[in-house]
Amino acid sequence: MSEQKTGSSPQVRKRPLGNFLFATDPGSVRPGKTALNYLLVCVAVIALVWVSLGLAGISVNFDFVAQYRTRIWDGFCMTVGISAASLVASLIIGILVALGQGARFLPLRYLCDLYVKIIRGTPLIVQVYFFYYIIGTAWGVDNRVFAGILILSFFSGAYIAEIVRGSLMSLDPTQLEAARAVGFTRWQTMRYVVAPQLVARTLPALTGQVASIIKDSSLLSVIAVIELTQTMREITATNYNFFGGFLLLGALYLVLTLPIMAISRHFEKKLDYAR
Amino acid sequence: MRVKLEHLCRSFDGVEVLHDISFDEEVASLAIIGPSGGGKSTLLRIIGGLLAPTSGSMEIDGDPIEFDEAALRNYRTTLGFVFQDGGLFHHLDALENVALPLRTVHHLSEDEAQSRSLELLERLGLADSLKKRPAQLSGGQKQRVAIARALAVRPRLLLLDEPTSALDPEFTTEVLDVVRDLKDEGTRFIIVTHEMGFARHACDKVAFLYDGRLLEHGDAARIFDQPQTAELKRFLSRLLEWSI
């Protein structure tokens, strides 16, 4: 929002909270300076890790990568695939549940509410065991990958429902009345007013949720879904190179999550047209 | 335009906020005044087809208005509505705020909608702000865009619900000037306002709403010079207390 207002005296823009908390607006630093400082921080962090490894007397080697590269690649692809499928499914679940929480039919509303509370209130690992060994066994879901996607979707769906519901509640009601006043039908109001604003408001948080899904998919290793984490557990169980294996594992997750976080930040800036 | 209201009542959750409103006048410019919570906005919403009365009937130019949603939507497309604040679509720029309803509701072509919106926005002094979103506009500019959007559909009646109550004094004047100019060009309007100077000098007729009842209505000069009811006398004298 760098555009300057023209015309009759401009209204004073409210200072973002960031300016209050930090000395300067981070966005106003020159790009060259940003890159240099970032590099400095990265070097410092890597040095700290290196020194820590040295002090602990651990020597890290990544020799195993060549030997296991197909398995690591397969695991990586499995993680991406599970995450992508879960994202789609959890989006559908999340939107439906968010709408359900506002339903006039009370049992539906309370069901959606209870679902969100239970999922958000319990650890994912409990849900994984519960769904897979009890629900899965009872209803004959024995494909681990499919079960994994389902579990992750229901888990993430609750969080997405909260994101969507929050955005719905923050829509300015006067706009909706204005939409009626100009003669929009309910459908047109949805199509031209609610949907675009909802997308803009939820997109930054949703991309953040994608990063969470990717990380949370690692817990599916407990039911032996051969995704990235499980692959690395199996490899380190045979070659005992735990430090190399898990450092690589972390790095591979970062390869996926860092760009997503950057995209999230980008949306946040681009779609910020305030209230 | 003949506006005829007969025994209009409106309740919210069993509490009646408008009691038996009857009104039958030729309206060119009408100000609805009265203390806050008196039912002014509710009455304007009923006249504007945004709200159905609990009971009673309404006729515009002799046509009875049906209060089912489909009929009301058709009726609303013949009017222009300006809200106190926040009536613009936040994700669209000024030009698109005006043009979108023209295309989608009134089925104008892309070009027609564009040129009509441009012309209006320029006339209201917003030529520099066409591509700005509401958050980038001042309060006065926002209300002028809202007025442009309301006028773009060539409404038979313009309805303004406290269009200046959320504005600083300088923007208030800016917006009221626009409304006065529109009146001089022949636009008919009903305004809910706390700006007594505007009600008195720019409006032909004034209606005084107090506690959900239409206590007095008539020519602006008569209402302000010879108030009949004790409530209106007290209301006007209180307003004078801090005037220059």
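One numbering rule holds for all chains: residues counted from 1, following each sequence as written. Lettering for chains starts from A, numbering for ligands starts from 1, and both go in the order in which the items are written. Thresholds applied to this predicted model are a pLDDT of at least 70 for local features of residues and 80 or more for the giving and counting of side-chain atom pairs; totals over whole chains, interfaces and linings are not thresholded and use all residues.

Peer 1: Give a description of the overall build of chain A that names residues and reports values.
Peer 2: Looking only at helices and strands, chain A has 10 helices and zero strands in total. Strands here mean DSSP runs of E at least two residues long; helices mean DSSP runs of H or I at least four residues long; both are numbered from the N terminus. Ordering the α and β elements of chain A from the N terminus gives α-α-α-α-α-α-α-α-α-α. Think of it as a crowd count around each C-beta: if 20 or more other C-beta atoms lie within 10 Å the residue is buried, if 12 or fewer it is exposed, and in between it is partly exposed, with C-beta placed from the backbone throughout. Scored against the burial criterion, the 275 residues of chain A give a buried share of 26%. We call two residues in contact whenever the C-beta atoms placed from their backbones are within 7 Å. Put simply, 76% of the contacts in chain A that link residues at least 6 apart link residues at least 24 apart.

Peer 1: Let's hear about the pairing of strand 1 (residues 2-12) of chain B: which residues, and what values?
Peer 2: Residue and element names in this part refer to chain B. Across eight bridges, strand 1 lies against strand 2 (residues 15-26) in antiparallel orientation. Residue Val3 lies in a different strand from strand 2, and its bridge partner there is Glu25. Where strand 1 hands over to strand 2, the hairpin turn is made up of two residues, of which Asp13 adopts a positive phi near 50 degrees. Pairing between two strands requires that DSSP report at least two bridges joining them. Across five bridges, the pairing between strand 1 and strand 4 (residues 55-60) is antiparallel.

Peer 1: Give a description of the environment of A:Trp50 that names residues and reports values.
Peer 2: All names here are of chain A. Structurally, the position occupied by Trp50 is in helix 2 (residues 31-55). Classification of Trp50 as exposed rests on a count of 11 C-beta atoms within 10 Å. Separated by 10 residues in sequence, Trp50 and Val60 have C-alpha atoms that sit 9.7 Å apart.

Peer 1: I'd like to hear about the nonpolar core, residue by residue, with values.
Peer 2: Residues and elements named next belong to chain B. In terms of nonpolar packing, the biggest core is built from 75 residues, with Ile32, Val98, Ala148, Leu159 and Ile190 touching the most fellow members. It is helix 5 (residues 139-152) that contributes the most residues to this core, seven residues altogether. If you count residues domain by domain, this core takes at least three from each of domain 1 (2-78 + 157-240) and domain 2 (89-155). Contacts of Val98, omitting those with residues within four sequence positions, involve Ser117, Leu120, Leu121, Val145, Ala148, Arg149 and Ala152. Any nonpolar core is a set of buried residues, restricted to Ala, Val, Leu, Ile, Met, Phe, Trp, Tyr and Cys, that join up through C-beta atoms within 7 Å. These domain boundaries are the output of an automatic or database domain assignment.

Peer 1: Could you give an account of the sheet that holds strand 1 of chain B, naming the residues involved and the relevant values?
Peer 2: The strands that make up a sheet pair up through hydrogen bonds in the backbone, lying either parallel or antiparallel. Judged by pairing direction, the sheet is antiparallel, and its four strands sit side by side in the order 2-1-4-5 (chain B) without closing on themselves. Whereas interior strands pair on both sides, the edge strands pair on one side only; in this sheet they are strand 2 and strand 5 (63-64) of chain B.

Peer 1: Help me get a handle on the domain arrangement of chain B, residues and values and all.
Peer 2: Residue and element names in this part refer to chain B. Split into domains, chain B comes out as domain 1 (2-78 + 157-240) and domain 2 (89-155). Spacing between the C-alpha centres of domain 1 and domain 2 amounts to 25 Å. Every contact between the two is made by 12 residues of domain 1 and, on the other side, 13 residues of domain 2. Listed by contribution, the elements that provide at least two residues to the side of domain 1 that touches domain 2 are strand 7 (157-161) and helix 6 (169-184).

Peer 1: Describe the sheet that holds strand 10 (residues 213-219) of chain B, with residues and values.
Peer 2: Residues and elements named next belong to chain B. Here six strands make up an open sheet; going across it, the order is 6-7-8-3-9-10 and the pairing mixed. The open sheet has two edge strands with one neighbour each: strand 6 (79-82) and strand 10. Direction aside, the axes of adjacent strands within the sheet are offset by 15 degrees on average. Here four bridges tie strand 3 (residues 29-33) to strand 8 (residues 189-192), and the two strands are oriented parallel to one another. What sits directly across from Ile32, in strand 8, is Val192. Its contacts with the sheet put helix 1 (residues 40-47) on strand 3, strand 7, strand 8 and strand 9 (205-210), and the angle it makes with strand 8 is roughly 155 degrees. Axis lines are fitted to C-alpha atoms, over the contacting stretch for helices. Their N-to-C directions set the angle, which ranges from 0 to 180 degrees.

Peer 1: Hey, could you go over helix 3 (residues 94-104) of chain B for me, with residue numbers and the actual values?
Peer 2: Burial within helix 3 of chain B is extensive, with eight of its 11 residues counted as buried. Among all positions in helix 3 of chain B, only B:Ala94, B:Leu95, B:Asn97, B:Val98, B:Ala99, B:Leu100, B:Pro101 and B:Leu102 are buried. In this structure, the buried residues of helix 3 of chain B make contact with helix 8 (186-216) of chain A together with helix 4 (110-123) and helix 5 of chain B.

Peer 1: Describe the confidence of the model for chain A, listing the residues and the values that go with them.
Peer 2: Residues and elements named next belong to chain A. pLDDT runs from 0 to 100 and stands for how confident the predictor is about each residue. Looking at chain A, pLDDT values average 85 and 88% of them are 70 or higher. The least confident element of chain A is helix 1 (residues 17-21), whose mean pLDDT is 57; the most confident is helix 4 (residues 106-121), at 94. With pLDDT under 50 throughout, residues 1-13 is counted as low confidence; its partners more than four residues away or in other chains account for 18 contacts.

Peer 1: Can you lay out helix 1 of chain B for me, pointing to particular residues and giving the numbers?
Peer 2: Residue and element names in this part refer to chain B. Burial analysis of helix 1 places eight of its eight residues in the buried class, the great majority of the element. Of the positions making up helix 1, those classed as buried are Lys40, Ser41, Thr42, Leu43, Leu44, Arg45, Ile46 and Ile47. Packed against the buried residues of helix 1 are strand 1, strand 2, strand 3, strand 7, strand 8 and strand 9. Downstream of helix 1 by one or two residues, Gly49 has phi in the positive range, about 75 degrees.

Peer 1: Lay out the packing of helix 4 of chain B against helix 5 of chain B in plain terms, naming residues and giving numbers.
Peer 2: Residues and elements named next belong to chain B. One can describe the packing of helix 4 onto helix 5 by two numbers: an axis separation of 9 Å at closest approach and a directional angle of 135 degrees. Here helix 5 runs oblique to helix 4, going by the angle between their axes. Handedness of the helix 4/helix 5 crossing: right-handed. Where helix 4 abuts helix 5, its residues Arg116, Ser117, Leu120 and Leu121 lie against Ala148, Leu151 and Ala152. Under the scheme applied here, ten amino acids are nonpolar (Ala, Val, Leu, Ile, Met, Phe, Trp, Tyr, Cys and Pro), four are charged (Asp, Glu, Lys and Arg), and all others, including Gly, are polar. When the residues that make up the contact of helix 4 with helix 5 are grouped by side-chain class, the tally is five nonpolar, one polar and one charged. Reported orientations rely on four angle classes, namely roughly parallel under 35 degrees, roughly antiparallel over 145, roughly perpendicular from 65 to 115, and oblique for the rest. By convention the crossing between two helices is left-handed if the near helix lies anticlockwise of the far one by an angle smaller than a right angle, and right-handed if it lies clockwise.

Peer 1: Any details on the pairing of strand 4 of chain B? Residues and values, ideally.
Peer 2: Pairing between strand 4 of chain B and strand 5 of chain B: two bridges, direction antiparallel. Paired with B:Ile60 across the two strands is B:Asp63, which belongs to strand 5 of chain B.

Peer 1: Can you tell me about the confidence of the model for chain B, naming the residues and giving the values?
Peer 2: The pLDDT averaged across chain B works out to 91; a share of 99% of its residues lies at or above 70. ipTM for the predicted complex: 0.87, alongside a pTM of 0.74.

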